[in-house]
Amino acid sequence: MTTATTEIPDVRLPPDLRPSDGRFGCGPSKVRPEAVANLATVSATWMGTSHRKAPVRSVVGKVRAGLAELFSLPDGYEVALGNGGAALFWDVATSSLIRAHSQHLVFGAFSSSFASAVAAAPHLEAPDRIESPFGTHPEPVARPGVDVYALTHNETSTGVVMPIVRPEGADPDALVVVDATSAAGGIPVDPSELDVYYFSPQKCFGSDGGLWLALCSPRAVERVAELAVSPGRWAPKSLSLGLALEQSRLNQTTNTPALATLFLMADQLDWLLGNGGLDWAAARSRRSADTLYAWAEASSYATPFVADPADRSPVVGTVDLDDAIDVGTVNAVLRANGIVDTDAYRSLGRNQLRIGMFPNVEPDDVAVLTRAVDHVVSSLG
Ligand SMILES: *Cc1c(COP(=O)(O)O)cnc(C)c1O
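Everything quoted here is computed from the prediction, not taken from an experiment.

A.B. asks: Pulling in residues and values, what's your account of the sheet that holds strand β3 (residues 128-131)?
C.D. replies: The strand order across the open sheet formed by seven strands is β1-β9-β8-β7-β4-β2-β3, and the pairing between neighbours is mixed. Each of the sheet's edge strands pairs with one partner strand only, and the pair in question is β1 (78-83) and β3. For this sheet, the mean angle separating the axes of adjacent strands, direction not counted, is 20 degrees. Strand direction decides the pairing type here: strand β2 (residues 102-106) and strand β4 (residues 148-152), joined by three bridges, are parallel. Across the sheet, residue glutamine 103 finds its bridge partner in β4, namely tyrosine 149. Sheet contacts for helix α4 (residues 109-119): β2, β3, β4, β7 (175-179) and β8 (196-199); angle to β2, the most-contacted strand, approximately 150 degrees.

The structure is reproduced here in structure tokens:
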């Protein structure tokens, strides 16, 4: 997996094997050049201006309304946002959403991190961990007393997608809390099947990192209010979802956000909604994914890592290479040719390519990428 410390083989891709954009990372991921150009156009009236004044607050309002539209949020659902990204939201959930006992489906690095954060919290019971081998996903199991079901729509570390449905037989006030960081905006979802859908803006939303955004059902908002006055419960302000909700209703964040991130997020929402919304975005990613997996299945040296086609992510493609091929060298050669971030998730430890196929990625570029990989592998012979 490690890139050889020796020289990178001098393999140059011919022009027809160079994608129009070489960014295939799974977050941060490709930002549309048009969005950056739009940001440059407004830079003097946007960057360096107050986040408590109308220009910024109206863009926060646009982001909140845009997400409500993109996800067709039912009445009563709210969009909250704050600083810190999806990983920080695990701590927000630990402080502000889990009453006592959560169940976690663990099938990769991200879902495992959330379960570990909860396990370390002295005010909560030891969480239920339901695990399955990497490359698959477990199913939730309804159990009395479980007050949060923690699901992950798309495990970015393994490239596994799972359906988001309320576990049948769960306690009536149990919450379904979904890490949607790499799924949101690229995979269809029914918000009535969940209570919190949280994510960062640097994956399907092709923005920059630093923020978390959360779609919250009325039941989730109620839980936040319940825990805020629960005796013996304390949450620092930075982890209070109640405070974030209050501020979000005013189109603000509790403390200063990155203005460029907000602008790029709003621009991306315009782009997605203007082109047909979530179904359009999902179809674009699906087209990229069909190309990638069909190539891997037909290849003599590449194989989709996720065995069950139904579990294969349409936004994060994982493809194992024959052990005879050193993926570290392949990635280094690709990088030298302007194709970047095709590496496997670092702790997965596989001889694997991982390809971000978020809506910003041109499906035709994925096709070019597969031919570029073929070229590099045969040149390394
Ligand atoms: C990227 C990612 C995170 C972490 O997001 P940050 O913005 O770095 O906090 C969490 N969960 C999943 C599924 C992710 O893909």
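Having seen the model, we can carry on.
A.B. asks: Please set out the site of the ligand residue by residue, giving values where relevant.
C.D. replies: Surrounding the ligand, one finds 13 residues, the nearest of these being Ala87, Thr156, Asp179, Ser200 and Lys203. Between threonine 181 and the ligand, the recorded distance is 3.4 Å, taken from a side-chain N or O atom to a nitrogen atom. One of the side-chain N or O atoms of serine 200 is found 2.7 Å from an oxygen atom in the ligand. For the ligand, whose unbound accessible area comes to 390 Å², protein coverage reaches 86%. When atom positions are compared with the pocket grids, the ligand is found to occupy the second largest pocket.

A.B. asks: A description of the pattern of salt bridges should follow, citing residues and the corresponding values.
C.D. replies: Overall, the coordinates contain 16 salt bridges when judged by the stated rule. With its nearest N and O atoms 2.9 Å apart, the salt bridge here joins aspartate 21 to arginine 23. For arginine 23, a relative accessible area of 31% gives the class partly exposed. A salt bridge links arginine 32 to aspartate 267; the shortest N-O distance between them is 2.5 Å. Within this pair, whereas arginine 32 is found in the segment before α1 (33-46), its partner aspartate 267 is found in helix α7 (residues 259-275), the two being separated by 235 residues in sequence. Here the two residues arginine 32 and aspartate 267 agree in accessibility, since each one is buried. Salt bridges sharing partners connect three or more residues here, namely Arg99, Asp173 and Glu226.

A.B. asks: An account of the side chain of serine 248 is needed here, citing residue identities and associated values.
C.D. replies: Mapped onto the fold, serine 248 is located in helix α6 (residues 241-249). Apart from the residues within four sequence positions on either side, serine 248 is in contact with Arg64, Val79, Ala80 and Leu81.

A.B. asks: Lay out the pairing of β3 in plain terms, naming residues and giving numbers.
C.D. replies: The side-chain alternation of β3 yields one buried face, formed by Asp128 and Ile130, and one unburied face, formed by Arg129 and Glu131. Summarising the sheet, β2 and β3 pair through four bridges and their orientation is parallel. When the sheet's bridge partners are listed, histidine 104 is paired in β3 with arginine 129. Handedness of the crossover joining β2 and β3 through α4: right-handed.

A.B. asks: Explain the environment of aspartate 16 to me, using residue names and the numbers behind them.
C.D. replies: Relative to the helices and strands, aspartate 16 is located in the segment before α1. Distance from aspartate 16 to serine 238, taken between C-alpha atoms, is 49 Å for residues 222 residues apart in sequence.

A.B. asks: Explain the packing of helix α2 (residues 54-70) against α7 to me, using residue names and the numbers behind them.
C.D. replies: Between α2 and α7, whose axes approach to 9 Å, the crossing angle comes to 40 degrees. Considered as vectors, α2 and α7 are oriented oblique to each other. Remark: the crossing between α2 and α7 carries left-handed chirality. For the pair formed by α2 and α7, the contact residues are Val56, Val59, Val60, Lys62, Val63, Gly66, Leu67, Glu69 and Leu70 on the first element and Leu259, Leu262, Met265, Ala266, Leu269, Asp270, Leu272 and Leu273 on the second. Looking at side-chain class alone, the contact of α2 with α7 contains 13 nonpolar, one polar and three charged residues.

A.B. asks: Summarise the nonpolar core; cite the residues concerned and give the values.
C.D. replies: In a soluble, globular protein the nonpolar side chains are often hidden away together inside. Counting 58 residues, the largest nonpolar core has Leu67, Phe71, Tyr197, Phe199 and Phe205 as its most contacted members. Looking at which element gives the most residues to this core, the answer is α7, with nine residues. For phenylalanine 205, the contacting residues outside a window of four places in its chain are Leu67, Leu70, Phe71, Ala184, Gly185, Phe199, Met265, Gln268, Leu269 and Leu272. Judged by nonpolar contacts, the second largest core, of 29 residues, contains Tyr301, Leu353, Ile355 and Val377.

A.B. asks: Residues and numbers for the side chain of arginine 354, please.
C.D. replies: Here arginine 354 lies in strand β12 (residues 352-356). Buried charge arginine 354 goes without a salt bridge, the closest partner of opposite sign being aspartate 343 at 7.2 Å. At a separation of 2.7 Å, a polar atom in the side chain of arginine 354 contacts the main-chain carbonyl oxygen of threonine 156. Once you skip the residues sitting within four places of it in the chain, arginine 354 turns out to touch Phe24, Cys26, Thr156, Ser157, Val316, Gly317, Thr318, Asp341, Thr342, Asp343, Ala344 and Tyr345.

What counts, and at which threshold
- Residues numbered from 1 in each chain as written.
- Predicted model: local features only at pLDDT ≥ 70, side-chain atom pairs only at ≥ 80, totals over all residues.
- Heavy atoms only, no water.
- Pairing = 2+ DSSP bridges.
- Helix = DSSP H or I, 4+ residues; strand = E, 2+ residues; numbered from the N terminus.
- Axes fitted to C-alpha atoms, helices over the stretch in contact; angles between N-to-C directions.
- Contact = heavy atoms within 4.5 Å.
- Near = heavy atom within 4 Å.
- Polar contact = N/O pair within 3.5 Å; in protein donor to acceptor, adjacent residues only side chain to side chain.
- Areas by Shrake-Rupley, 256 points an atom, 1.4 Å probe, with all protein chains shown as cover.
- 1 Å grid on protein atoms, 1.4 Å probe; cavity = no way out; pocket = protein on both sides within 12 Å on 5 of 7 lines; lining within 4 Å.
- Sits in = over half its atoms within 2 Å of the grid points.
- Salt bridge = Lys/Arg side-chain N within 4 Å of Asp/Glu carboxyl O.
- Buried < 20%, exposed > 50% of the residue type's maximum accessible area, 1.4 Å probe, protein only.
- Right-handed = clockwise from strand over helix to strand, strands pointing away.
- Parallel < 35°, antiparallel > 145°, perpendicular 65-115°, else oblique.
- Left-handed = near helix turned anticlockwise from the far one by under 90°.
- Nonpolar A, V, L, I, M, F, W, Y, C, P; charged D, E, K, R; others polar.
- Core = buried A, V, L, I, M, F, W, Y, C linked by side-chain atoms within 4.5 Å.
- Lys, Arg positive; Asp, Glu negative; His and termini not counted.

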